[in-house]
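# Examining the three-dimensional arrangement
Given next are the chains, with one letter for each unit.
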Amino acid sequence: MLDKNQIAQRIARELKDGYYVNLGIGIPTLVANYIPDGITVTLQSENGLLGMGPFPLKGKEDADLINAGKQTITTLPGSAFFDSAVSFGMIRAGKVDLTVLGAMEVSDAGDIASWKIPGKLVKGMGGAMDLVASAKNIIVAMMHTNSKGESKLLSQCKLPLTGIKCVKKIVTNLAVIEITERGFVLLEKAPGVTVDEIRNATVGKLIIEGDIPEMLI
Amino acid sequence: MNKVYNNAEEAIHDITNGDIIMLGGFGLCGIPENCISALEKKGVNELTCISNNAGVDDFGIGLLLKKKQLKKMIASYVGENEEFERQLLSGELEVELIPQGTLASRCMASGYGMPAIFTPAGVGTEVAEGKESRIFHGKEYLLEYAFEADFALVKAWKGDRFGNLIYRGTARNFNPLMAMAGNITIAEVEELVEPGELDPNEIHTPGIYVHRIFQGTNYEKRIEQRTVRN
C-alpha cells in the first residue's frame, strides 16, 4: 500500500519532457518533489504563473508571489506571470498537458466530485471546474477509500459533481486505474496489495484482464 | 484631465449603499487594501462584492463582512473565513459561487465590450442549472454573461497620473480584468509616477480603463500561507 508521497511519486512517472502541468492542492502538490531528472516540466499555477519553483528560503518570502493554495513560492528561470483570464485561457484551450487533482469521488464513467459536501461548509470550486472541463489528460490522486472505509471509486458519484466524463486515470494507495468506456480498468497494483483487496475496495465497474503487474515507483 | 485623488477616502467618496463593486486580488495577494479600509470606515452597506475570495476574518473583504456591509458575495472560493461561514449559514449573506475561469472571463468580456462568453466549465454540474447552453464542435458550453459593476477597485504596483498600470508577480491575477470592467475603475498603487516614467512596452492596463488613481499607504501585504523550505 502506498502513502501519499508514494502516490505522488508514481504520478511523477507519467511526466514527459516538455509537459506543462497543473497540480492541485493536497497530494498533487507533492508530485513537484518527484519530477524525474533530465526532463523539463513547467508547472502552471492558475493564479497566474508558469514556471513555479520550490518554496522560498526563510526570510525570502514575497507577498506578491504565491501559488493557488496561497502558499509563498518562488519562480524558476524562464517563468512568466499573467492575469487570471490568460491563465484559464490556456487551460480552456487545452495547452496544459496534464492536470493532477484530488477528489472525493470518481465514477467509472470518469465523473468527478471534489468541491462540495451538502450540509457542511461549501468553500467553492475555485478553478477545479474549469480545469476538469477542458484538460485533455486528468489524473486523480486520492486514497481508494474515505475515512469511513467507503470506496471513492463508484458507479455514480453521490456528491455534487465538479465535471463529467473527464478523468482519465486514478492513482490511489492501492492501484493505478485507467478509465475507459467500459469502466475502471486495473493497470497496476500497489506493492503488497492483492487484486482481491482492490476489487473489494472498488464499487464501480472494475475490469481485470490478465496478470496485473505491481507498480514501479 | 485629472485622475489623481489624494487618498482612498476621496477616491471612493461616491460609492453608495447597494452598489456592485469588483475587488481585485487572489486570496490576500494583490487586494486593494486602502480602498477596503476606506469602505469599512465609510460604513457603506448592502454591497454586492465580486471577488475571487472573501478575505480572512480580520483582513481583506473579511473586514467588510465583520461590519455586515455585504448583501451578496460572488466568488470562486471562500474558505478561511469563519464570519463568512456564519453569515452564509444564518442566511444573512447571499452567496454565488462560480468557477474561477468563468469569473475571470466574465470580467474580461465586460472590458472587451462583449455581452457574454461560452465556457465548458460547470457543464453537467449544478453550476449549469437554468443556464443556456450550446454545442460547438460536439462539445457543450454554457452561456455566461459579462459582469456589470458600478465600481472596480484594483491594486497595482506602479501607476502613472494617466492611469497606466503595472502589476507585480502573482498580485496581477484578477486586477487587470476588473480594471477593464468597472463603470468607474479606481486604482491604488504602491508607487505613483509621472507620465513617461513607465515604459509603454511594459504597461499591463492602459490608462483608458482607469478613472481614478491614488498612491496607497501603509501596505500590510499580509501572507496567508507563509511556507518555506528547509
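Residues numbered from 1 in each chain as written. Chains lettered and ligands numbered in written order. Predicted model: local features only at pLDDT ≥ 70, side-chain atom pairs only at ≥ 80, totals over all residues. Heavy atoms only, no water.

## Observations concerning the packing of aromatic side chains
Residue and element names in this part refer to chain B. Tallying each qualifying case throughout the model produces two aromatic pairs over all chains. Seen in terms of ring centroids, Phe 118 and Phe 136 are 5.0 Å apart; in terms of plane orientation they differ by 70°. Their pairing is edge-to-face. One end of the pair, Phe 118, is in strand β5 (residues 116-119); the other, Phe 136, is in strand β6 (residues 133-136), with 18 residues separating them in the sequence. Seen from their ring centres, Phe 136 and Tyr 141 are 5.6 Å apart, and the 75° between their planes marks the pair as edge-to-face. Feature note: the residues Phe 118, Phe 136 and Tyr 141 constitute an aromatic cluster, connected by ring pairs. Over the aromatic face of Tyr 219 sits the side chain of Lys 155, whose NZ or CZ is 5.0 Å from the ring centroid. (Phe/Tyr/Trp six-rings, centres within 6.5 Å; stacked < 30°, edge-to-face > 60°. Helix = DSSP H or I, 4+ residues; strand = E, 2+ residues; numbered from the N terminus. Lys NZ or Arg CZ within 6 Å of the ring centre and 35° of its normal.)

## Some points on the sheet that holds strand β7 (residues 112-113) of chain A
Think of a sheet as strands paired side by side through backbone hydrogen bonds, with each pair either parallel or antiparallel. All names here are of chain A. On the basis of which strands lie adjacent, the open sheet formed by three strands has the order β7-β6-β9 and mixed pairing. Each of the sheet's edge strands pairs with one partner strand only, and the pair in question is β7 and β9 (153-154). Inspection of the sheet shows strand β6 (residues 105-107) paired to β7 by two bridges, in the antiparallel sense. Residue Val 106 lies in a different strand from β7, and its bridge partner there is Ile 112. (Pairing = 2+ DSSP bridges.)

## With respect to the interface of chain B and chain A
Taken together, the contact pairs 48 residues of chain B with 47 residues of chain A. When chain B packs against chain A, close to 4,000 Å² is buried across both sides, 60% of that on carbon and sulfur atoms. Seen at the junction of chain B and chain A, the total is five salt bridges. Where Arg168(B) meets Asp64(A), a salt bridge forms, and the shortest distance between an N and an O atom there is 2.7 Å. For the pair chain B and chain A, the number of links is 24 residue pairs in polar contact (both at pLDDT 80 or more). Secondary structure elements with two or more residues in the side of chain B that touches chain A: α4 (82-89), α5 (100-111) and α6 (175-181) of chain B. A total of six residues in the side of chain B that touches chain A trace back to one element, the largest contributor, which is α5(B). (Contact = heavy atoms within 4.5 Å. Buried area = accessible area lost by both parts, 1.4 Å probe. Salt bridge = Lys/Arg side-chain N within 4 Å of Asp/Glu carboxyl O. Polar contact = N/O pair within 3.5 Å; in protein donor to acceptor, adjacent residues only side chain to side chain.)

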